[in-house]
Amino acid sequence: MKKKKVFMMIQSALCFLTMAYPAVCALIIYSRGLAAKAADPTAWIYSREIVGEYMLPFAILAIATIVMALAGILAGIRDADQDKPAKSIEMKKNPADDEASGKRKNTILTITRCVVLAAAIALIIIGIVNGSARDTLYKAITICTECVGLG
Amino acid sequence: MKNIWEKIRPSKRKLVQLYAALLYNAYLKGFIKGEIYTGKAKYACVPGFNCYSCPGAVGACPLGSLQAALATAHDRAGFYVFGILLLYGLIAGRTICGWICPLGLFQELLHKIPTPKLKKSRATRILSYLKYVFLAVFAIYIPLYMGFSRGMTVPGFCKYICPAGTFEGAIGLLSNTANDSLYGMLGVYFTRKFVILTALVLACIFVYRGFCRFVCPLGAIYGLFNRFCLIGVETDVGACNNCGLCVKKCQMDVLHVSDHECIQCGKCVDVCPQGALSLKAGKIVLKENEVRTKALRDEERTEVLKKRRTVSAVVWGVAAVILVFALLWFNIIEPSVNENGNLTAANVGDLPSADAGTQTIGYEPGEILEDFTITCVDGSTFNLNECRGKIVVINLWATYCGPCVEELPYFCEFAETHADDTVLLAVHHPLVTKEVEPFIAEKGWTIPFAIDEKEPTIVWDKVGGTTAMPQTIVIDKNGVVVENHRGSVTKEMLESYYEEAAAVE
């Protein structure tokens, strides 16, 4: 029992290091890049070479984390508490299924579904006609540099 | 060996999740070539969270599309995306999160790492409402506000938070050496989003589906449909004794089965001692507790199990055929991604050398840019060779590109400052989504603007334009490219490029 806990604590520390390391590296690269940019506005903040300088320790940490995780899974190590029922949480009664919820409630549900379906189909057709479907395509086939955090 | 397999054997749900992730990202060639899929399949939004700038993505991201639709709502209402979201919500609600979201699968795999786990509590239930704040502020308010007030397309959630965009899109593209020029675009946005990504990954190791529960705006939208969606966990009230084990064992912050937090994973179906729960699609039972099957007579049970096995085999068979077809279609057959039809830049360096002395024709610094003639939106004609003797600055942009719209005023200012020896040209991407002329007039921009032609393009291919905008090309007085910068530029950068070009005799 104690060994498992020690294992999980080491694994936690390794996970933390593996994720904190690249975050700190990114901040270091960014702050150095800013200094370089102040001297030369055309200088790049990031480059493959600069990122590459920090990759080896990250690769080692990542491999160690994965190997240790696999070993732990194969050894059946896991936080046993997560299998126990949660305590001190709010709860409500489960709602009845369609058949048991009564004819009136069932009818309301069916009508709601039909209305939403009709609205969805109508909106899609209007969208195809008014060109918003084409907007979706155009946005999707262009690399959204903001979306991916490029700039 | 059998014991090991038992420990790592994936559940049916995991296989479905893996299948969906592969199907959404069937353009495997994109990972090899470092480019995104530009075919017509991207008319359709995939149901789950999957960045459309991921090299493998064959469909549009519903959340990204929603934000783009809201950002351009002042120009054209995005009915299509609203309809798609309604349809997906009605059919499956948050079953999508539990079964066919690649980001959900990624989080669950992270949570498998053996570490101490944070259990759900009243606090996590309260925190689960945070995702509605993210939805309201980042996915709705920012795109609408920036669209209406400044005419800019700013997908707030994608720009400031989305870990899928950083991981699948940015890292996916940057990992390929073909995209080394994209490193020049990286700055504060990337750094901030990368730190957020690492924090969320770390959180998901210790907290079950941390992103889904507290951040995901798409899950927040689908959760609204859980009450009446067609696929979901249902309770047989006759059999349920309200022991509450289903809620207590559930790792999501549910108050009851199938509430807006429920991702319909079906774990509660397995743990219910009464067999009162079942995962259903309308009347069709997709999953039920063994208690129910055991209650049947032997002959009936054998028949039911046999029927289920047959249906399961047929479904998996059809799914396999679809996946194989998708892989073949998107990577080999699809006509819009072949060499001629692809909208990404052609390799201009391969063009036969023109009469340019010893210098090659191309778009990289040191090369001579091939001549072109394009008609501007004001009716005038722009010819590159006629600009010899002056510094030429070409900017590639689009109305729907936020950073492009943000930087264009610098170019107008720059053109006024260096009117004596500089010629500017802003070229709009061939894919036009709205009236460009009124847009320019509204902004009051004064430099010459042109809209590029589609296949073959007049400017785009010649300057090595990609689908990642903006891009700025600075050419010296002899027609030689001094700088070809992908990404936004600042005033200082423009001045620096100008000085570099002006220094050439």
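Residues numbered from 1 in each chain as written. Chains lettered and ligands numbered in written order. Predicted model: local features only at pLDDT ≥ 70, side-chain atom pairs only at ≥ 80, totals over all residues.

**Some details on the overall build of chain A**
The line we're drawing: Think of it this way: any DSSP run of H or I at least four residues long counts as a helix, any run of E at least two long counts as a strand, and we number them from the N terminus. We take the radius of gyration over the C-alpha atoms and set the globule estimate at 2.2 Å times the residue count to the 0.38 power. As a rule, residues whose C-beta atom has 12 or fewer other C-beta atoms within 10 Å are exposed, those with 20 or more are buried, and those in between are partly exposed; C-beta atoms are placed from the backbone. Two residues qualify as being in contact provided that their C-beta atoms, derived from the backbone, are within 7 Å of each other.
A tally of regular secondary structure across chain A gives 5 helices and 0 strands. Moving toward the C terminus, one meets the helices and strands of chain A in the order α-α-α-α-α. The globule rule puts the C-alpha radius of gyration for 151 residues at 15 Å, and the 27 Å found for chain A is more than 25% above it. Taking the principal axes of the C-alpha coordinates as reference, chain A spans close to 70 × 60 × 25 Å. Out of the 151 residues belonging to chain A, those deemed buried represent 26%. Counting contacts in chain A only where the partners sit at least 6 residues apart, residues at least 24 apart contribute 61% of the total.

**Looking at the domain arrangement of chain B**
The extent of an interface is frequently quoted as the accessible surface area lost upon association of the parts. Put simply, the test is: Each domain's extent was defined by an automatic or database domain assignment.
Its domain assignment divides chain B into domain 1 (8–229), domain 2 (296–335) and domain 3 (348–502). Taking only C-alpha atoms into account, the centre of domain 2 of chain B sits 53 Å from that of domain 3 of chain B.

**A short note on the interface of chain A and chain B**
We apply this condition: Three residue categories are used. Nonpolar comprises Ala, Val, Leu, Ile, Met, Phe, Trp, Tyr, Cys and Pro, charged comprises Asp, Glu, Lys and Arg, and polar comprises the others, including Gly.
Residue-level contacts link 75 residues of chain A with 100 residues of chain B. Considering each element in turn, the side of chain A that touches chain B owes the most residues, 13 residues, to helix α4 (residues 103–130) of chain A. Across the side of chain A that touches chain B, the residue classes break down as 43 nonpolar, 19 polar and 13 charged.

**Comments concerning the sheet that holds strand β10 (residues 481–486) of chain B**
Backbone-to-backbone hydrogen bonds join strands into a sheet, with any given pair of strands oriented parallel or antiparallel. All names here are of chain B. What counts here: Strands are treated as partners if at least two bridges between them are detected by DSSP. In this analysis, axes come from line fits to C-alpha atoms, helices being fitted only over the stretch in contact, and the angle between any two N-to-C directions falls in the range 0 to 180 degrees.
If you walk across this open sheet you meet the 5 strands as β8-β7-β6-β9-β10, and the pairing is mixed. At either margin of the open sheet sits one strand with a lone partner, and together these are β8 (449–451) and β10. Across this sheet, the average inter-strand angle for adjacent strands is 15 degrees, counted without regard to direction. The strands touched by helix α19 (residues 402–417) are β6 (391–397) and β7 (422–428); relative to β7, the strand with the most contacts, the crossing angle is about 160 degrees.

**Structural notes on the domain arrangement of chain A**
Splitting chain A by domain gives domain 1 (2–83) and domain 2 (103–140). Its C-alpha centre places domain 1 of chain A at a distance of 44 Å from the equivalent point of domain 2 of chain A.

**Some details on the pairing of strand β3 (residues 284–288) of chain B**
Residues and elements named next belong to chain B. Pairing between strand β2 (residues 277–281) and β3: 4 bridges, direction antiparallel. In the sheet register, Lys 280 faces β3, and the bridge partner there is Val 285. Between β2 and β3, which pair antiparallel in sequence order, lie 2 residues; one of them, Gly 282, sits at a positive phi of approximately 70 degrees.

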